[in-house]
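# Observations on chain architecture
Letter by letter, the chains look like this.
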Amino acid sequence: MAATGIAIYILLAVATVLLGLVVDNHCLVRRNIASRQQMLNRLCLGSVFILLFGVSACRLNVGNDYAKYVEFMHLVNCDAFVPTEAGFNLVVKALYGISGFENYLLVFGFFAFFTILLFLAAIYRQADSFAFSFFLFMAFGYYFQSFNTVRYYLALAIAVCAIPLVLRKEWVKFALAVLLGATLHKSILVVLPLYFLASLPWKKWQLGIGAVLCSTFFFMQDFYLKAVVFLYPTYEDTEYLEGGTSLVNIARTLGVLALSLMCYKKTVKGSRRNRFYFYCNLGALVMYVCCSFLPVISRIGYYLTITHIFFLPALLSGIEDKKVKNLFTAGVAVAGILYFGVFILMKAGNDGLRILPYETFMFHDMVPILSDVN
């Protein structure tokens, strides 16, 4: 069963990345005239969307919290207390009402539809190269991890779409977009200060003060944990307060930092966009190193490291020496493939993800949820 799921995921990744290679997100658009490239873009993007949406929407009990979400949806429909946000509850109520029964498949399909749609739209509009950024999106596992915590990944997609608002300093629109995302998963609220700080033109002395403030994470852990419990009262006295970090994420942010420092004067310093990505990566590195005691630190870090899918192609495009550029591009591609391989072969079946084995409602039945057992 696991082997079938691995084959499906690898074929899906290969097929969509190959389709992405055809997409040119910088082709000239002529009014009332659809060029050949525009038609190819629509065909390939539509195909990518259908493939990603199909695999995500057809899954059944795939993801470590799938059954928990089905339980939450049942409780929402029964007007019982749930720890989920109002926007999620409203979607469940509306879709269950339209269906006339507890159609949890439709709810998962709803979240898959908009999560994939927003991510593809963001990559198409913001990437230097759609093909390269989409490859990184798939290789770093963002799509496959969206099978878990569906509220969070839709909020993450909204945050990515809101990045251009930060770069244009449209703070009111940015705040409204974040507040909309917060109705689905309130973790998105962290991007209000984080993206603002990343958008600032930091001086060296300011970075020094920031480093001093970051040192407080080592000796004021109780204070920060109390702040987290205040924001997430359901975390109190649970395993979520155990914290933990990822050496892989630290290595990745360090690698991106090293490459960005090499290209800093040429590609980063004079670009507001790339400087924003630079500070997002730096902030993620600080969090992974200094804040490992905080619960689910990866959820906060992903709001920052998601910019890697844009930052790495931008850095590589700024390398003038073709041999060096090709060498580093190949290195990033190989690293992405290795990351994907480790993720699918070694982590996908773990309890924290459990996206293997892949099962679909067409051939499998849903396991009993807690309410059914009781």
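Source: prediction; values computed, not measured.

## Structural notes on the side chain of Arg275
- Residue position: Arg275 is located in helix α17 (residues 272–290).
- No salt bridge is formed by the buried Arg275. Its closest oppositely charged neighbour is Asp128, at 15 Å.
- Beyond its immediate stretch of four places on either side in the chain, Arg275 contacts Ala198, Leu200, Pro201, Val268 and Lys269.

## Overview of helix α3 (residues 66–77)
- Under the 1.5 Å per step criterion, the end-to-end length of α3 is 17 Å for 12 residues, consistent within 8% with the ideal 16 Å.
- Downstream of α3 by one or two residues, Asp79 has phi in the positive range, about 60°.

## Looking at the packing of aromatic side chains
- According to the stated counting rule, one finds 39 aromatic pairs in the structure shown.
- Geometrically, the ring pair formed by Tyr152 and Tyr153 is edge-to-face, given 4.9 Å between the ring centres and 90° between the ring planes.
- With 6.2 Å between their ring centres and 25° between their planes, Phe174 and Tyr195 make a pair best called stacked. On the criterion of sequence distance, the pair formed by Phe174 in helix α10 (residues 171–182) and Tyr195 in helix α11 (residues 191–198) is long-range, its members being 21 residues apart. Taken as a pair, Phe174 and Tyr195 share a single burial class, namely buried.
- Among the aromatic residues, those joined into a ring-pair cluster are Phe49, Phe53, Tyr66, Tyr69, Phe72, Phe88, Tyr104, Phe108, Phe110, Phe111, Phe113 and Phe114.
- Cation over ring: Arg151 sits above Phe88, and NZ or CZ is 6.0 Å from the ring centre.
- Over the ring of Phe140 we find Arg252, and its NZ or CZ is 4.1 Å from the ring centre.

The rules we used
- Residues numbered from 1 in each chain as written.
- Predicted model: local features only at pLDDT ≥ 70, side-chain atom pairs only at ≥ 80, totals over all residues.
- Heavy atoms only, no water.
- Helix = DSSP H or I, 4+ residues; strand = E, 2+ residues; numbered from the N terminus.
- Buried < 20%, exposed > 50% of the residue type's maximum accessible area, 1.4 Å probe, protein only.
- Lys, Arg positive; Asp, Glu negative; His and termini not counted.
- Salt bridge = Lys/Arg side-chain N within 4 Å of Asp/Glu carboxyl O.
- Contact = heavy atoms within 4.5 Å.
- Expected span 1.5 Å × (residues − 1).
- Phe/Tyr/Trp six-rings, centres within 6.5 Å; stacked < 30°, edge-to-face > 60°.
- Lys NZ or Arg CZ within 6 Å of the ring centre and 35° of its normal.

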